[in-house]
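Residues per chain, in single letters:
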Amino acid sequence: MAMVGRSFSLCCLPSQAAGACPAKPTILRPSFSAVAPLQCHPPTHRPRAPSSFSFSFSFFRCVRGMARSDNGVSRDGQKSFPLSSTCLLKLQRGDITKWSVDGTSDAIVNAANERMLGGGGVDGAIHRAAGPELREACWNVPEVRPGVRCPTGEARITGAYRLPVSRVIHTVGPVYDIDEHPEASLRSVYRNCLRIAKENHIQYIAFPAISCGVFRYPLSEASYVAVSTVKEFADDFKEIHFVLFSDDAYSAWLEKANEVL
Ligand code: ADP
């Protein structure tokens, strides 16, 4: 995936300027354009007229198939693993903004920053697809300290607006080279997302590869933390998905799921 302008700034909070510097800086994601091949097609809420049969076929297949395949590899490239007798782990390549199951009990997870007002990477894609209402909803999430609505490792939930899912769960992953305990922080990310999803009666949830972009968590380590942590919630959901944007991320998750599950 080619990215433009992938740099981020370390930003001191007002309290830092006053001398009370917290242990970790707030990292603001820049807005930047992600140039990537889309594996799915326009969201259901504002479909464009298909220009060809192949467009129409793949649009149909993507929207329905991303969430409904049999065990094993489906025609959409989904791979399923049983986490329990009632819960499947599903891996697929794709764009998480296009993912949905039923629009009522499904949620996607956003790799946000602590301000929760949008940024680059998957955060930018989700905000663009959800529309300005999502930023407004995030704005209304109370700050826990100046400029921080969601501290690293925690999760917050909002509506999804123009996205095809019912809710967006915002979380902040650790910056691999800065966080003192990146594995513990990443485990907290997954646990807190799944806890808040459960509290809100979500049955189907999809994660991107949190911290594996700008925050530079190695894919092999991140996929181990992700797969082994979501397994703890096997009795609480019908399906837990990972929607992985790059072939490398998909391969890492697939390898780890085959090892761990
Ligand atoms: P972080 O700062 O947590 O690393 P990023 O957004 O930079 O978050 O990247 C997290 C992961 O999300 C990366 O693997 C990136 O390739 C992936 N990603 C980016 N856009 C999308 C998208 N639309 N759908 C799914 N995953 C995405």
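Residues numbered from 1 in each chain as written. Predicted model: local features only at pLDDT ≥ 70, side-chain atom pairs only at ≥ 80, totals over all residues.

(A) Layout of the overall build of the protein. Counting its regular elements, the protein contains 7 helices and 12 strands. Within the protein, the fraction of its 261 residues that count as buried is 43%. Taking all contacts inside the protein whose residues are at least 6 apart in sequence as the whole, residues at least 24 apart take part in 69%. (Helix = DSSP H or I, 4+ residues; strand = E, 2+ residues; numbered from the N terminus. Buried ≥ 20, exposed ≤ 12 C-beta atoms within 10 Å, placed from the backbone. Contact = placed C-beta atoms within 7 Å.)

(B) Here's a closer look at the site of the ligand. Taken together, 23 residues form the shell around the ligand, and within it Ala 111, Gly 121, Gly 213, Phe 215 and Phe 245 come nearest. Looking at the shell around the ligand element by element, the count peaks at 4 residues for helix H3 (residues 121–130). For the shell around the ligand, the residue count by class is 15 nonpolar, 6 polar and 2 charged. (Near = placed C-beta within 6 Å. Nonpolar A, V, L, I, M, F, W, Y, C, P; charged D, E, K, R; others polar.)

(C) Representation of the pairing of strand E6 (residues 79–82) within the structure. Pairing of E6 with strand E7 (residues 88–93), which is carried by 4 bridges, proceeds in the antiparallel orientation. When the sheet's bridge partners are listed, Pro 82 is paired in E7 with Leu 88. (Pairing = 2+ DSSP bridges.)

(D) Focus on the packing of helix H5 (residues 182–199) against helix H6 (residues 219–230). Where H5 contacts H6, the axes come no closer than 9 Å and their chain directions differ by 40°. Judged by the inter-axis angle, H5 sits oblique to H6. Crossing hand, H5 versus H6: right-handed. On the side of H5, the interface is formed by Glu 183, Leu 186, Arg 187, Tyr 190, Arg 191 and Leu 194, while H6 contributes Ala 222, Val 225, Ala 226, Thr 229 and Val 230. Grouping the constituent residues of the contact of H5 with H6 by class yields 7 nonpolar, 1 polar and 3 charged. (Axes fitted to C-alpha atoms, helices over the stretch in contact; angles between N-to-C directions. Parallel < 35°, antiparallel > 145°, perpendicular 65-115°, else oblique. Left-handed = near helix turned anticlockwise from the far one by under 90°.)

(E) Structural context of H5. Over its 18 residues, H5 extends 26 Å from the first C-alpha to the last, a length consistent with the 26 Å expected when each residue adds 1.5 Å. Taken as a whole, H5 has its buried residues at Pro 182, Ser 185, Leu 186, Ser 188, Val 189, Tyr 190, Cys 193, Leu 194, Ile 196 and Ala 197. Looking at the packing, one finds that the buried side of H5 touches strand E8 (106–111), strand E9 (155–159), strand E10 (167–171), strand E11 (204–207) and H6. Two residues or fewer past H5, His 201 is found with a positive phi of approximately 60°. (Expected span 1.5 Å × (residues − 1).)

(F) Structural view of H6. For H6, with 12 residues, the first-to-last C-alpha span of 16 Å sits near the 16 Å given by 1.5 Å per residue. When H6 is considered as a whole, its buried residues turn out to be Leu 219, Ala 222, Ser 223, Tyr 224, Val 225, Ala 226, Val 227 and Val 230. Packed against the buried residues of H6 are E7, H5, E11, strand E12 (239–244) and helix H7 (247–260).

(G) Molecular detail of the nonpolar core. Among the nonpolar cores identified, the biggest contains 65 residues, and Val 168, Ile 169, Cys 193, Ile 205, Leu 244, Ala 249 and Trp 253 are the most heavily contacted of them. Leaving out residues up to four positions away in the same chain, Val 168 has contacts with Ala 107, Ile 108, Asn 110, Ile 126, Ala 130, Leu 134, Thr 158, Ala 160 and Leu 163. (Core = buried A, V, L, I, M, F, W, Y, C linked by C-beta atoms within 7 Å.)

(H) Molecular detail of the pairing of E11. Every second residue of E11 is oriented toward a common face, with Tyr 204 and Ala 206 on one face and Ile 205 and Phe 207 on the other, all of them buried. Where E8 and E11 come together, 3 bridges link them in parallel fashion. Across the sheet, residue Ile 108 finds its bridge partner in E11, namely Ala 206. Across 4 bridges, E11 lies against E12 in parallel orientation.

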